Structure formats: structure tokens, C-alpha cells
Amino acid sequence: MNALLAEFLGTLLFVLVGVTSVCSAPYFSADQVTQVIMIATTNGIGLWVVIFLFGPYSGAYVNPAVTLGVISAKQKNRKIFFPYLAAQTIGAVSGTFLLYLILPRELAEFTKIGLPHLAPSIGQLGGIIIETVITFTLVLTVLLASRMKEPFFAAMVIGAVLGFLILIFGAVTGAIMNPVRAFGPAMIATIFLDTSASLSPWRDQLVYWIGPFLGGVIAGGTFYIPCVKHHITSKK
């Protein structure tokens, strides 16, 4: 399978599963804690499966922040960034649009098709800091797990970390950690949903692009720290 096709399909499936969990959680429970647990579990398992299925073809990054982190750590050529970004963006928009076609109109309007937003008590700077830290954690996990000999367990570790981060920070920023995961719902909400009576779908977009990209670059940059570089090299 072509690497770009794998990134497109992987991102489509991951965003479809992730956004579906956000949209369906209020239907199953009115309790916010239960909703976050459902969303975290679904996203973690979804990423685990996507990495296991598409990892052999493209790495299954399904996230521009991960792509940037891998490039920053010099594990991939920088020439892949923009082709991967295009495939991931189209995949995210396609996955969200597919969900829009499936969901009842009322549920799509009520959940704004999984559009992420910051908690009222969190400003955009705070959101960027949180998204930077949690994306750093996720991307560093990806970089380290990629060195595991068993792909099945590597994918499981990455999915588990994603689920844990969503469980802890989901109620604060949505724990998106993925620019195209935020972009897909924003684009579909803008085109197909009534956003006149709610906050702009694009209000917090910069948070979900700046934070994850910073986190990815910093995670890749840790591989240049002498003690870390020596430890990783000695483990090869």
C-alpha cells in the first residue's frame, strides 16, 4: 500500500472513531466523567488498531505533530512532511464528513460534530501550554515505542498513553494533540452546521496547531540531548 494512501485511510478511520466517541458519549451518559472515560478508551483503542494496521506502510502517524516529531528526531526525511500533512488533513475532513452523513442532524448540531474547545476557565495561552506538554508526551512515546521489537505492543503502548492523556486532560482542552483532528470538525461545522448561535468553530484552532507542533518538535529535540542520545544509541 502507498504510504500516502495509508496515512489518508489511517487518519480517516482514527478521526471517524474519535469524533464518533465524542458525539455519542452524551447519548450514553449525562455524567461528564463517564463521557471522558468512554472517549479516552475509544480513542486509545482506535489509535492502537490504526497503528497496527497501517504502521507497516507509512508509520501510521495520522498526526502532523507526530510527523514533525519524527522528522525532528531525524528518523524520517523532512520531505515527507507536506505530503503527509495533505494526506492527514484530507483524511480528517473526510472522516468527519462521513460521520456527518451518518449522524442524525440533531445530534450533529448538539455536539457540533466533535468540535474541540477549551474549558471556560482556560485561556488560549494556557491551552497552548497544555497541548504542548501532552503532545510532547505522546510524540516522545511514539519515538521510543518505534524502537520496540514487537509492533503489536508498540501500538498498544501508544494507544494506552493517548487514552491516559485524554482521561486526564480531556475536560480541560479536549486533549486533541493533533491539528487535523481539530481542523476536520471545524471545516465540516463551518460548511454544514448552524454556528451562528455558538462560538466560532475557528476560535481555538491556533491552540490546536501551535501546541501540538511545539510538543512534537520538542519531543524530537530530546534526541539531541547528549545523555538521551547516548542511552538510545547504546540500546540499538
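Here goes a summary of the coordinates provided.

What counts and how
- Residues numbered from 1 in each chain as written.
- Predicted model: local features only at pLDDT ≥ 70, side-chain atom pairs only at ≥ 80, totals over all residues.
- Heavy atoms only, no water.
- Salt bridge = Lys/Arg side-chain N within 4 Å of Asp/Glu carboxyl O.
- Buried < 20%, exposed > 50% of the residue type's maximum accessible area, 1.4 Å probe, protein only.
- Helix = DSSP H or I, 4+ residues; strand = E, 2+ residues; numbered from the N terminus.
- Expected span 1.5 Å × (residues − 1).
- Polar contact = N/O pair within 3.5 Å; in protein donor to acceptor, adjacent residues only side chain to side chain.

Details of the pattern of salt bridges
A side chain with one charge can pair with a side chain of the opposite charge if their charged atoms come near. Evaluated as defined, the whole model comprises 3 salt bridges. Note that Glu 109 is salt-bridged to Lys 112, the shortest N-O span being 3.1 Å. Comparing Glu 109 with Lys 112, the two get one shared label, buried. One salt bridge connects Arg 203 with Asp 204, and the closest N-O pair in it is separated by 2.9 Å. Judged by relative accessible area, Asp 204 falls into the buried class, the value being 5%. A single network of salt bridges, built from pairs that share partners, joins Arg 105, Glu 109 and Lys 112.

Looking at helix α8 (residues 179-192)
Its 14 residues give α8 an end-to-end C-alpha distance of 20 Å, which sits within 8% of 20 Å, the value for a rise of 1.5 Å per residue. The buried count for α8 comes to 10 of 14 residues, which makes it a mostly enclosed element. Buried within α8 we find Pro 179, Val 180, Arg 181, Ala 182, Phe 183, Gly 184, Pro 185, Ala 186, Ile 188 and Ala 189. A side-chain oxygen of the first residue of α8 lies 3.2 Å from the backbone nitrogen of Val 180; this N-cap is Asn 178.

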